[in-house]
Amino acid sequence: MTLPPRGAGSPPVQPRGGGHVTARQRRSGQQKAGPAKGTPTATTTETSLTAAPAPSSHVLVLNATYEPIHVCGIKRAAVLLLKEKAEVIENGEGELHAEHTAMARPAIIRLRTYAPVPRRSRRRLTRRAVFARDDWTCQYCGDHRDLTVDHVIPRSKGGSSEWENIVACCSSCNRRKADRLPHQARMFPKNTPRPPHPSVFIQVACPRIPPSWDAWLGHAA
């Protein structure tokens, strides 16, 4: 009896890693069979999905006099509503869910009792609040880039760190003015610095103002 050659009838062994066959297939454009007809591809899936905008986590707080005075988080607003210390003026999108209750997501609430508002001069002075008050604009040249703050009357000349003596200023003008008085440097602020309106601090606390707040903030300004 004659035996068949060694290895006859066995499936051919493929080269490790695909070898030259895979390389030729790539050069000739012969790819593996795609998904069956009717099966969505990755591109189709990606283009069909659109991310919905996330609801704002900030709530505008109005005083009992309907004056905007503060911005709080969504949880704090819910507590004020559940304790009946505030009422809803306008709802946002979606709902808030707890174990035994659900409520519409508030966007604007109003305090039921009047809350004393600190005088403007006592508001905490910060760089962002100065920038917001001055519309993010250098008060000497009008530039919007590379902003810092400048003491109109330098501290070395007796100037204080108060709202009435600090303005937004670009780095270039700050270096040019240096440690000189306005008349010495011939540089005067375009707007007289003063304590900002409370709405400025709302803009600092929530840089992206929801459209539903515009009417209230515009009325306050």
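Residues numbered from 1 in each chain as written. Predicted model: local features only at pLDDT ≥ 70, side-chain atom pairs only at ≥ 80, totals over all residues. Heavy atoms only, no water.

J.: Quick one: what's the story with the packing of aromatic side chains, residue by residue and with numbers?
T.: In this structure the tally under the stated criterion is 3 aromatic pairs. Relative to tryptophan 216, the ring of tyrosine 66 has its centre 6.2 Å away and its plane inclined at 10°; by these criteria the two rings are stacked. In this pair, tyrosine 66 is assigned in the loop between strand 1 (58–62) and strand 2 (68–73) and tryptophan 216 in helix 8 (residues 214–220), connecting sequence segments 150 residues apart. Under the relative-accessibility criterion, tyrosine 66 is labelled partly exposed at 38%. With a relative accessible area of 21%, tryptophan 216 lands in the partly exposed category. (Phe/Tyr/Trp six-rings, centres within 6.5 Å; stacked < 30°, edge-to-face > 60°. Helix = DSSP H or I, 4+ residues; strand = E, 2+ residues; numbered from the N terminus. Buried < 20%, exposed > 50% of the residue type's maximum accessible area, 1.4 Å probe, protein only.)

J.: Give me the lowdown on the confidence of the model for the protein chain, citing residues and values where you can.
T.: In this model, the protein chain carries an average pLDDT of 80, and 71% of its residues clear a pLDDT of 70 or more. Taken as a whole, residues 40–53 scores under 50 in pLDDT and shows 2 contacts with residues more than four places along the chain or in a different chain. (pLDDT = per-residue confidence, 0-100. Contact = heavy atoms within 4.5 Å.)

J.: Can you explain unusual backbone geometry? Please cite residues and give values.
T.: Of note, aspartate 146 is a non-glycine position whose phi angle comes to about 50°, a positive value. Of note, alanine 178 is a non-glycine position whose phi angle comes to about 55°, a positive value. Its place among the elements puts alanine 178 in the loop between helix 5 (171–177) and helix 6 (182–185).

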